[in-house]
Structures are given as C-alpha cells and as structure tokens.
2 protein chains.
Amino acid sequence: MAILNPSEMLSVALEQALIGNEEGGVPVGGAVFHVDGTLLGAGRNRLVQEGNGSLHGETDAFRAAGRRPHWHDTILVTTLAPCWYCSGLIYQFRFRQIIVGDSVNAQGGTKWLREQGIDILDLHSQECIDLIAEFQQRRPDLWNECIGEV
Amino acid sequence: MAILNPSEMLSVALEQALIGNEEGGVPVGGAVFHVDGTLLGAGRNRLVQEGNGSLHGETDAFRAAGRRPHWHDTILVTTLAPCWYCSGLIYQFRFRQIIVGDSVNAQGGTKWLREQGIDILDLHSQECIDLIAEFQQRRPDLWNECIGEV
C-alpha cells in the first residue's frame, strides 16, 4: 500500500467536507490515519444530517475509526482548525500529529494545543480556506450553531 | 413541572451510569437540562455498546439533547469530572453550569475550566465515587481505553 503524504491525507478529509457541503451540512471533514498511512476512518460534520452537534469533522472521523487501545500512533486530519471541543479530543487522546487544512477562518484551540506540545502541521490549503469562507458567509446561522455562538 | 435541584439532576445522570454498568460499559452518565429544570437529553458512555469512543457520558447527553442555537441557558450534569475531551465540549459550548458527581477518581480538565470562569458545582456524591472506583479496579483495560491511556 502506498503511504500517503500529508496533502493526500488532507484530500481524504476534504472529500468528506465536500460531501457535507452537498448534503447542506457544515462543510468540515476529518480523517484518522495510522502513522503507517493506513486510513482508519473518515467523517464529516453531521450537525444537520443527524441533528447531532457532537459530530464535528474530527469527532465523526474518530467515531468512524472505531476502537483502539490508544491513539498515540495515529494522525488526525481536519479541513478546519479544531474548535475547543475538538482540541479537547486531541489533547485527551494524544494523536501523534494533527494535520490542518485551514486556520484562517477559525483558530479554535490550536495555539493552546501547540503550547501543550501537540504537533500541528498547518497545510494552509486554499481549497479548504475558500470552502469555509464561502460557507460562513452563506450560512452564518449554521456556522454559529455549530460552534455554539449566539 | 417541578424544578429539579442539583442532586435530583445528578440522579438522572447516575441512572444512566448504572444502566451503562449493567450493559458492561464504562459507567459514566450525563444529562443536559435547561436552566428552568427541563430535561433536554440524557446519555451514557457507549464505548463498548456502540464501539464508539467519542460517546462519553457528557457527549452522549449532548447528542441526545439535539439541536439548539446555543447552550448558554443549559446545565450539563456528569457523574464523573469531565476528561479533557469533555472539558473541550464544555469550554466551546459554554453551558451555564456544570454539575459533577465524582472528582475523586478523575479530575480531567476541571481545574482549567474553573480558571476559564466555568461554573462547576461538585456534589461529591459517594455513590458516583464508589461506582467509578469499583469499575477502575475491575476493568483497568476498559478505563484506560476510554481515556486513551496506554
């Protein structure tokens, strides 16, 4: 099996985000890989699709990856910088690395995570940045609900 | 409708934890109430039951509560002090108050949450404390998996 590079891993998460966008959902996608490059699970924000605000791109990918004794040998990929909720997931489960597509439209807990020693690779993907920027402008109601802001 | 006091709210979460224990799962329960005392949702850790490590007592209760524009007018109850993952949920969504049953067997992000100004009421429930202490001793493998520790 070919080992994916970080950009290819991000593409898996971005594909999920684009599916979410088509579904009328919040277009954030995530994926979990073993450090050997094996895809363990991919997911997307499903606030709209399942009426479930606990499913962000990261947590849905974590759910899809199923059970593991620990996550220290895995990489979590997300199209958008993790909010504080997903930053909590990251800090609790200590993924080996976090790969982020967009940290322009939201920063969440990324600064705090770096201060705690979490390895975050920010790919600054224009496609991810444009996707969320368009969504935030088109659906501010849904964006605010997703992050619990009034 | 009778307005529940904090101990009664904790009983709702504890009932969930006891169901989880019967199911062979991690015995942590949660509940979300409106500040007016209305129960919005209750849940329990379902790592074992659904093979889903993203469902802690708190996040399962949050899922059960469905969609809301924001959570600033709600109370989150948990039988066990929130781990960092659930502390992230709390910090992101800014529940009005957090009610905790047991902070003896785990502390998670409670100290940090208090430093951020989150209102945490610790009821120091002996029933909650005993439940988790027994579980941690009986199933250290499952406890460690639940919090992602080796």
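Please refer to the structure placed before this passage.
Residues numbered from 1 in each chain as written. Chains lettered and ligands numbered in written order. Predicted model: local features only at pLDDT ≥ 70, side-chain atom pairs only at ≥ 80, totals over all residues. Heavy atoms only, no water.

## Details of the interface of chain B and chain A
(1) Moving on: Of the residues lining the interface, 33 residues belong to chain B; the matching set on chain A comes to 33 residues.
(2) Moving on: Across the chain B to chain A interface the summed buried area is about 2,800 Å²; carbon plus sulfur atoms make up 58%.
(3) Moving on: When residues of chain B are sorted by the area they lose upon contact with chain A, Arg67(B), Tyr85(B) and Gln92(B) head the list and together hold 25% of the total.
(4) Moving on: Where chain B touches chain A, the interface holds 2 salt bridges.
(5) Moving on: With its nearest N and O atoms 2.8 Å apart, the salt bridge here joins Arg67(A) to Glu145(B).
(6) Moving on: Secondary structure elements with two or more residues in the side of chain B that touches chain A: helix H2 (47–50), helix H3 (57–64), helix H4 (84–93) and helix H7 (140–147) of chain B.
(7) Moving on: The greatest single-element share of the side of chain B that touches chain A, amounting to 7 residues, is contributed by H4(B).
(8) Moving on: Residues of the side of chain B that touches chain A, tallied by class, amount to 15 nonpolar, 13 polar and 5 charged. (Contact = heavy atoms within 4.5 Å. Buried area = accessible area lost by both parts, 1.4 Å probe. Salt bridge = Lys/Arg side-chain N within 4 Å of Asp/Glu carboxyl O. Helix = DSSP H or I, 4+ residues; strand = E, 2+ residues; numbered from the N terminus. Nonpolar A, V, L, I, M, F, W, Y, C, P; charged D, E, K, R; others polar.)

## Topic: H4(B)
(1) Moving on: Most of H4(B) sits inside the fold, with 9 of its 10 residues counted as buried.
(2) Moving on: Arg94(B) sits one or two positions beyond H4(B) and adopts a positive phi of about 50°. (Buried < 20%, exposed > 50% of the residue type's maximum accessible area, 1.4 Å probe, protein only.)

## Some remarks on the environment of Pro27(A)
All names here are of chain A.
(1) Moving on: Counting through the fold element by element, Pro27 comes out in the loop between helix H1 (6–22) and strand S1 (29–34).
(2) Moving on: Residue Pro27 is classed as buried on the basis of its relative accessible area of 0%.
(3) Moving on: Residues Pro27 and Gln116, 89 residues apart in the sequence, show an inter-C-alpha distance of 28 Å.

## Examining the pairing of strand S1 (residues 29–34) of chain B
Residue and element names in this part refer to chain B.
(1) Moving on: Within S1, 6 of the 6 residues are buried, which leaves the element mostly enclosed by the surrounding structure.
(2) Moving on: Side chains of S1 alternate between two faces, with Gly29, Ala31 and Phe33 and Gly30, Val32 and His34 buried alike.
(3) Moving on: Bridge count between S1 and strand S2 (residues 39–44): 5 bridges; the pairing is antiparallel. Along S2, the bridge assignment pairs Gly29 with Arg44.
(4) Moving on: Count of turn residues in the S1/S2 antiparallel hairpin: 4 residues, of which Gly37 carries a positive phi of about 100°. (Pairing = 2+ DSSP bridges.)

## Quick word on the relation of the copies chain B and chain A
(1) Moving on: Superposing chain B onto chain A requires a rotation of 180° together with a translation of 0.0 Å along the rotation axis, leaving an RMSD of 0.0 Å. Those values place the two copies in the arrangement expected of a two-fold rotation axis. Distance from the rotation axis, computed per C-alpha, reaches its smallest value in chain B at Gly88(B): 2.1 Å.
(2) Moving on: When the interface residues of chain B are mapped onto chain A, 100% of them are again interface residues, pointing to one common binding face. (Least-squares fit on C-alpha atoms with pLDDT ≥ 70 in both.)

## A word on the nonpolar core
(1) Moving on: Counting 42 residues, the largest nonpolar core has Phe95(A), Ile98(A), Phe95(B) and Ile98(B) as the members making the most contacts within it.
(2) Moving on: Those elements giving two or more residues to this core turn out to be helix H3 (57–64), helix H4 (84–93), strand S4 (97–102) and helix H5 (110–115) of chain A together with H3, H4, strand S4 (97–102) and helix H5 (110–115) of chain B.
(3) Moving on: Setting aside chain neighbours within four positions, we find Phe95(B) in contact with Phe62(B), Trp71(B), Thr74(B), Leu76(B), Leu89(B) and Ile90(B). (Core = buried A, V, L, I, M, F, W, Y, C linked by side-chain atoms within 4.5 Å.)

These figures come from the coordinates and say nothing about function on their own.
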